[in-house]
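Structural description and commentary
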Amino acid sequence: MPMNQWNLQPLPSVTPDTKILCILAHPDDIDFGAGGTIAHAVAQGAKVSYVITTDGNQGGEDPNISREEMARIRRQEQTQAGKILGVENITFLGKMDGSVFPTLELRKKFVEQIRIARPQILITQSPERNWERIFASHPDHLATGEAAVQAVYPDARNQFAFPDLLEKGLEPWRVEQLWLTGHPNPNSYQKVTDYFDKKIQALTAHYSQTNHVTDWPEMVKGWMQTVAEKAQLPEGELAEAFFVANA
Ligand SMILES: [Zn+2]
């Protein structure tokens, strides 16, 4: 696809009244896909929380680390990365890494989390496959994104969906906007040049995932430069891309 076919608008702005819930498949996904945007939103005063579907226990490349140990390490790394960006409220659902499906059970978990957090904005992963970067479309990402979008519409706002949640006092909640990461045709960007260092610090906290990859900060910077170019920002700027949909 030619470079100029993305038509990127600035992301909607956030205020101290904005709540953002991020639902991602693995520890590190939010930091790779949206770390700069999260740091920017926190700096505007927005309240951000994360729900992570799996513990990422299939991650890393060291066969001497047990998978239980890897899960423990990755929760710790995500907790640390969250602190760096100013996000303390993180829920781990503990699903099996590599085995996420958009089941009704997963959708219900997400509805529960949406009704607890009551966000205006939900950040999740694109349920549409990105053929230009297939690692952005890990099956767990597609499944998490699909179940999260299904949870936003129709279930979180529907009092008759999962009536036991309402019995527990979790009132229906209408999310206003979806911001999808890893989408094949993003329509929005956030300029995050000033938050690049924080994003790299957060990613560095995912030591088990990044320590064996040389030059990963350059790779991350390269993606962000590409988005900035497509957003027609001046040279030297960095940006992150999203597909934004009203919900
Ligand atoms: Zn992932």
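Residues numbered from 1 in each chain as written. Predicted model: local features only at pLDDT ≥ 70, side-chain atom pairs only at ≥ 80, totals over all residues. Heavy atoms only, no water.

A closer look at the coordination of the zinc ion
Here the zinc ion is held by the protein donor atoms H26 (ND1), D29 (OD), D29 (OD) and H141 (NE2), which lie 2.0 to 2.7 Å from it. All donors to the zinc ion come from one chain, and their sequence spacing reads H-x2-D-x111-H. Residue H26 is found in the loop between strand 2 (19-24) and helix 1 (29-43), and its partner H141 is found in helix 4 (residues 139-155); the two are separated by 115 residues along the sequence. Note on H26: relative accessible area 7%, which makes it buried. (Donors = N, O, S within 2.8 Å, 3.2 Å for Na, K, Ca; no water. Helix = DSSP H or I, 4+ residues; strand = E, 2+ residues; numbered from the N terminus. Buried < 20%, exposed > 50% of the residue type's maximum accessible area, 1.4 Å probe, protein only.)

Quick notes on the sheet that holds strand 1 (residues 9-10)
Reading across the sheet, the eight strands line up as 1-7-8-6-5-2-3-4 and stay open at both edges, with mixed pairing between neighbours. The sheet is open, and its two borders are formed by strand 1 and strand 4 (89-95), each paired with just one other strand. In this sheet, strand 8 (residues 239-246) lies alongside strand 7 (residues 188-191) in antiparallel orientation, the contact comprising four bridges. Looking across to strand 8, one finds that Y189 is bridged to A241. In the packing of helix 2 (residues 67-85) onto the sheet, the strands contacted are strand 3 (47-54) and strand 4, and the crossing angle to strand 4 comes to about 155 degrees. Together, strand 7 and strand 8 form the strand contacts of helix 8 (residues 216-230), whose direction differs from that of strand 8 by roughly 60 degrees. (Pairing = 2+ DSSP bridges. Contact = heavy atoms within 4.5 Å. Axes fitted to C-alpha atoms, helices over the stretch in contact; angles between N-to-C directions.)

A closer look at the packing of helix 3 (residues 104-117) against helix 4
For any two helices packed against each other, the geometry comes down to the angle between their axes and how far apart the axes lie. Look at helix 3 against helix 4: their axes get within 8 Å of each other, and the N-to-C directions meet at 60 degrees. When the axis of helix 3 is compared with that of helix 4, the two are oblique. Judged by the twist between their axes, the crossing of helix 3 over helix 4 is right-handed. Note on element contacts: helix 4 touches helix 3 through A143, T144, A147, A148, Q150, A151, V152, P154 and D155, opposite L106, R107, F110, V111, I114 and R115. (Parallel < 35°, antiparallel > 145°, perpendicular 65-115°, else oblique. Left-handed = near helix turned anticlockwise from the far one by under 90°.)

Quick word on the pairing of strand 2
Counting buried residues along strand 2, five of its six residues qualify, which places the element largely inside the surrounding structure. Sheet topology places strand 2 next to strand 3; six bridges connect them, and they run parallel. Within strand 3, the position partnered with I23 by the bridge is V51. Once you follow strand 2 into helix 1 and on to strand 3, the crossover reads as right-handed. Taken together, the four bridges between strand 2 and strand 5 (residues 121-125) define a ladder with parallel strand orientation. The residue of strand 5 that forms the bridge with I20 is I121. (Right-handed = clockwise from strand over helix to strand, strands pointing away.)

Brief notes about the environment of G94
Locating G94 in the fold gives a position in strand 4. Of the residues examined, G94 reaches a relative accessible area of 39% and is grouped as partly exposed. Sequence separation between G94 and T53 is 41 residues; the distance between their C-alpha atoms is 6.2 Å. In contact with G94, not counting residues within four places along its chain, are I52, T53, D55 and R75.

Here we look at empty space enclosed by the protein
By the definition in use, this model includes one cavity of 30 Å³ or more. When its volume is computed, the largest cavity comes out at roughly 30 Å³. Surrounding the largest cavity, L11, P12, V14, T37, H40, A41, W179 and Q190 form its lining. By residue number, the principal contributor to the lining of the largest cavity is helix 1, which donates three residues. Grouping the amino acids of the lining of the largest cavity by side-chain chemistry returns five nonpolar, three polar and no charged. (1 Å grid on protein atoms, 1.4 Å probe; cavity = no way out; pocket = protein on both sides within 12 Å on 5 of 7 lines; lining within 4 Å. Points joined across faces, edges and corners; volume = space filled by probe spheres on them. Nonpolar A, V, L, I, M, F, W, Y, C, P; charged D, E, K, R; others polar.)

Focus on unusual backbone geometry
Each neighbour pair has its own omega, and for Y153 with P154 the value is 10 degrees, a cis peptide bond. Mapped onto the elements, P154 comes out in helix 4. Positive phi is not limited to glycine here, since D215 has a value of about 60 degrees. Its location among the elements puts D215 in the loop between helix 7 (207-210) and helix 8.

Section: the environment of R157
Mapping R157 onto the fold places it in the loop between helix 4 and helix 5 (163-167). Given a relative accessible area of 17%, R157 falls into the buried group. Sequence separation of R157 and E237 is 80 residues, and the distance between their C-alpha atoms is 38 Å. Sequence-distant contacts of R157, that is, excluding residues within four places in its chain, are made with V152, P172, W173, R174, V175 and A247. A distance of 3.3 Å separates a polar atom in the side chain of R157 from the backbone oxygen of V152. (Polar contact = N/O pair within 3.5 Å; in protein donor to acceptor, adjacent residues only side chain to side chain.)

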